Each structure stands twice: as C-alpha cells, then as structure tokens.
Amino acid sequence: DILRQKLARAMATVTSRLKTIGITPWIEPQAGLFLWCRLPKGADAADVARAALAEKIVLAPGNVFSPARTATDYMRFNVSQSLDPRVMTVLKAALG
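In what follows, the accompanying structure is described. If you're wondering where the values come from, they're calculated on a predicted model, not measured in any experiment.

What counts as what
- Residues numbered from 1 in each chain as written.
- Predicted model: local features only at pLDDT ≥ 70, side-chain atom pairs only at ≥ 80, totals over all residues.
- Heavy atoms only, no water.
- Helix = DSSP H or I, 4+ residues; strand = E, 2+ residues; numbered from the N terminus.
- Rg over C-alpha atoms; globule rule 2.2 N^0.38 Å.
- Buried < 20%, exposed > 50% of the residue type's maximum accessible area, 1.4 Å probe, protein only.
- Contact = heavy atoms within 4.5 Å.
- Areas by Shrake-Rupley, 256 points an atom, 1.4 Å probe, with all protein chains shown as cover.
- Lys, Arg positive; Asp, Glu negative; His and termini not counted.
- Charge placed at Lys NZ, Arg CZ, Asp CG, Glu CD.
- Pairing = 2+ DSSP bridges.
- Salt bridge = Lys/Arg side-chain N within 4 Å of Asp/Glu carboxyl O.
- Axes fitted to C-alpha atoms, helices over the stretch in contact; angles between N-to-C directions.

### So, the overall build of the protein
No. 1: A count of helical and extended segments in the protein gives three helices and four strands.
No. 2: When the helices and strands of the protein are read in sequence order from the N terminus, they spell out α-β-β-α-β-β-α.
No. 3: Taking 2.2 N^0.38 as the reference for a compact globule, 96 residues should give roughly 12 Å; the C-alpha atoms of the protein span a radius of gyration of 13 Å, in line with that estimate.
No. 4: Its C-alpha atoms give the protein principal-axis dimensions of about 40 × 30 × 20 Å.
No. 5: Counting only residues that meet the buried cut, the protein has 36% of its 96 residues in that class.
No. 6: For the protein, the share of sequence-separated contacts (at least 6 apart) that also reach a separation of at least 24 residues comes to 55%.
No. 7: Accessible area for the protein stands at about 5,900 Å²; split by element, carbon and sulfur atoms hold 57% of it.
No. 8: Positive and negative side-chain charges in the protein, numbering 13 and 7 respectively, have mean positions lying 3 Å apart.

### Structural notes on the pairing of strand E2 (residues 34-38)
No. 1: Residues Leu35 and Cys37 point to one face of E2 and are all buried, whereas Phe34, Trp36 and Arg38, pointing to the other face, are not buried.
No. 2: In terms of strand pairing, E2 meets strand E4 (residues 74-78) through five bridges, oriented antiparallel. Pairing of cysteine 37 across the sheet is with methionine 75, part of E4.

### Overview of the pattern of salt bridges
No. 1: Under the definition given, this model contains four salt bridges.
No. 2: A salt bridge links lysine 19 to glutamate 28; the nearest nitrogen and oxygen atoms lie 2.9 Å apart.
No. 3: A relative accessible area of 42% places lysine 19 in the partly exposed class.

### A short note on unusual backbone geometry
Glycine aside, the phi torsion of most residues is negative, and most peptide linkages are trans.
No. 1: The phi angle at lysine 56 is positive, at roughly 65 degrees, despite the residue not being glycine.
No. 2: Counting through the fold element by element, lysine 56 comes out in the loop between helix H2 (45-54) and strand E3 (60-61).
No. 3: Overall, the relative accessible area of 73% leaves lysine 56 in the exposed class.
No. 4: In this model, arginine 69 sits at a positive phi of 60 degrees, which is unusual for a non-glycine residue.
No. 5: Along the chain, the position of arginine 69 falls in the loop between E3 and E4.

### Some words on the sheet that holds E3
No. 1: The four strands lie next to each other as E1-E2-E4-E3, forming an open sheet whose pairing is antiparallel. Either end of the sheet is taken by a strand with one partner, and the two such strands are strand E1 (24-25) and E3.
No. 2: Pairing between E1 and E2: two bridges, direction antiparallel. The partner of threonine 24 across the bridge, within E2, is arginine 38.
No. 3: Those strands touched by H2 are E3 and E4, and its axis lies near 40 degrees from that of E4.

Structure follows, in structure tokens:
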C-alpha cells in the first residue's frame, strides 16, 4: 500500500540523516511512524526539545514516555515530521 511505502522511505531517510549528525537509532525498524534514538553523549533530550520548540518544532524527549524518568538521552522522532529540513537544522544547532 502507498502509505506503508511512503513511511518506509521516510524511515530510511530520517534514520540516515540522524546518523550523520550523531543520533543513533535504538533499533532500526523497516517501517512505521516512530523512531527511537539515543542522542550523542552528554546531550539532554529535554534541552534539545526546548531548543526545537523555540523554533516552532515539536520533538518528543524520552522522559515523556519513561515513568522512571531514565530516558534523558533518548528521543522519539515522528519520521513523517522529521522529513522537514528544519528538524535537522534545529538538531544540529542544539547538539552543537
């Protein structure tokens, strides 16, 4: 189906783009809507999300999904939204 093909392409593209800026997928699904990733050492997902929000981009820090609040260096990316080039620009800037 067309939607699945688009999501699979988006997943591959976003995964590749994130890797080039040092963001590592926790697992690499072949398709789907979300991609869980670990930020580079020393980066805080909440800080990255705040920097993105200042640019009107909503990103999901891992602790939003962690009752134990132990996912400070993880983010969940919506692959469709992450195709927007502004997302990578904001991430690069936030990660320095």
